[in-house]
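Next come the chains, spelled out residue by residue.
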Amino acid sequence: MTDIAAVVRAFDFVARKHVAQRRKGKNEEPYINHLIEVAHLLAEATNGADTALVMAGALHDVIEDTDVTADELTASFGAEITALVLEVTDDKSLSYAERKRRQIETAPLISARAKLIKLADKTSNLRSLVASPPKLWDGARRREYARWSREVAVHCFGLNAMLDRVFEEAYRAAAKQAGLEAA
Ligand code: ZN
C-alpha cells in the first residue's frame, strides 16, 4: 500500500469510529476536526517524512475514546502504530484528576515520536480552548487547563522546533484569554 493510501485509510477508520462524537467546546465541532489537525501538525512538522507518525496522530484517540481495542488496532494498522497510540492513551478506569496527574508523570518517559503526538494534541486542544471554549468552563478552569497542558508539554520540547513553536503560540493565546500571565 502506498503512503497516501495508508494515511487516507487511517482517516476513513477514525471518521467511522468517532462518527457520533463532538468536541466539548461551545461550537461542538465534529471530533474528526481535532484528529485531522493533529495529523496535519505532525505531517508539517516532519515534512511528511514519517507516515506512521501521521497515521498514529489520526488514530491517537481511537482506543481512549471509542470501543476499538489495541488488538483490533494492531490487526488493522500493525504493532508500530498501535504502540504509539498506546503511549498517548489515558487509562479511562482512573479518575479525571488521576489521569491528568499521570500525564505529567509519564510525559518524560514516553518515546520521542509519542512526545511529538502529545505536543500536537496539546496544541490542538489549546487552540480549541481559545476558538471554542467549553460552555461551562470559567476563567479559573481554563487557566488551570492551560497551565496543566504546559506542564505536560515541557517534557516534549526540544525534539521538533516547529511543534515547540506552535505549542507556545497556542499556550500564550489560551493563557492570555483565560487571564493567566503567559510564561
Ligand atoms: Zn486528542
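Residues numbered from 1 in each chain as written. Predicted model: local features only at pLDDT ≥ 70, side-chain atom pairs only at ≥ 80, totals over all residues. Heavy atoms only, no water.

Novice: What exactly am I supposed to notice about unusual backbone geometry here?
Specialist: Backbone geometry follows two general trends: most residues other than glycine have a negative phi, and most peptide bonds adopt the trans configuration. Non-glycine residue Glu28 carries a positive phi angle of around 50 degrees. Mapped onto the fold, Glu28 is located in the loop between helix 1 (3–17) and helix 2 (31–45). (Helix = DSSP H or I, 4+ residues; strand = E, 2+ residues; numbered from the N terminus.)

Novice: Can you help me understand the packing of aromatic side chains in this one?
Specialist: Aromatic ring pairs are reported here in terms of the distance separating the ring centres and the angle at which the planes meet. Considering all chains together, one arrives at five aromatic pairs under this definition. Seen in terms of ring centroids, Tyr145 and Trp148 are 5.5 Å apart; in terms of plane orientation they differ by 50 degrees. Their pairing is tilted. Taken as a pair, Tyr145 and Trp148 lie in helix 9 (residues 139–153) at a separation of three residues, close to a single helical turn. Across the pair, exposure class does not vary: Tyr145 and Trp148 are buried alike. An aromatic cluster is present here, built from Trp137, Tyr145 and Trp148 joined pairwise through their rings. Between Arg23 and the ring centre of Tyr31, over which it is positioned, the NZ or CZ distance is 5.6 Å. Here Arg150 stacks its cationic end above the ring of Tyr171, 5.5 Å away from the centre of that ring. (Phe/Tyr/Trp six-rings, centres within 6.5 Å; stacked < 30°, edge-to-face > 60°. Buried < 20%, exposed > 50% of the residue type's maximum accessible area, 1.4 Å probe, protein only. Lys NZ or Arg CZ within 6 Å of the ring centre and 35° of its normal.)

Novice: Can you walk me through the packing of helix 2 against helix 8 (residues 112–131) in this structure?
Specialist: If you want to describe how two helices pack, look at the angle between their axes and the distance between the axes. Where helix 2 contacts helix 8, the two axes come as close as 9 Å, and the packing angle between them is 130 degrees. In terms of orientation, helix 2 and helix 8 fall into the oblique class. As helix 2 packs across helix 8, the resulting crossing turns out to be right-handed. Residues His34, Glu37, Val38, Leu41 and Leu42 of helix 2 form the contact with helix 8, whose participating residues are Leu116, Ile117, Ala120, Asp121, Thr123, Ser124, Asn125 and Arg127. (Axes fitted to C-alpha atoms, helices over the stretch in contact; angles between N-to-C directions. Parallel < 35°, antiparallel > 145°, perpendicular 65-115°, else oblique. Left-handed = near helix turned anticlockwise from the far one by under 90°. Contact = heavy atoms within 4.5 Å.)

Novice: Just checking my understanding: could you explain helix 3 (residues 51–59) for this structure?
Specialist: Count 3.6 residues to each turn of an α-helix, and residues three or four apart come out pointing the same way. Within helix 3, nine of the nine residues are buried, which leaves it mostly tucked inside the rest of the structure. Of the positions making up helix 3, those classed as buried are Thr51, Ala52, Leu53, Val54, Met55, Ala56, Gly57, Ala58 and Leu59. Buried-residue contacts for helix 3 involve helix 1, helix 2, helix 4 (62–65), helix 5 (70–77), helix 6 (79–87) and helix 8.

Novice: It is not clear to me how the environment of Leu126 should be interpreted in this structure. Could you clarify?
Specialist: In this fold, Leu126 is placed in helix 8. Sequence separation between Leu126 and Ala170 is 44 residues; the distance between their C-alpha atoms is 5.7 Å.

Novice: Which parts of the structure should I look at to understand the coordination of the zinc ion?
Specialist: Under ideal tetrahedral coordination, the four donors around a metal are separated by 109.5 degrees; under ideal octahedral coordination, the six donors are separated by 90 or 180 degrees. The protein atoms donating to the zinc ion are His34 (NE2), His60 (NE2), Asp61 (OD) and Asp121 (OD), with metal-donor distances spanning 2.1 to 2.3 Å. Around the zinc ion, the four donor atoms are arranged such that angles at the metal cover 81 to 173 degrees; this shape is classified as irregular. Mapped onto the polypeptide sequence, the residues donating to the zinc ion form the spacing pattern H-x25-H-D-x59-D. One end of the pair, Asp61, is in the loop between helix 3 and helix 4; the other, Asp121, is in helix 8, and 60 residues separate them in sequence. Residue Asp61 shares its accessibility class with Asp121, and that shared class is buried. (Donors = N, O, S within 2.8 Å, 3.2 Å for Na, K, Ca; no water. Tetrahedral: all angles 85-135°; square planar, octahedral: opposite > 155°, others 65-115°.)

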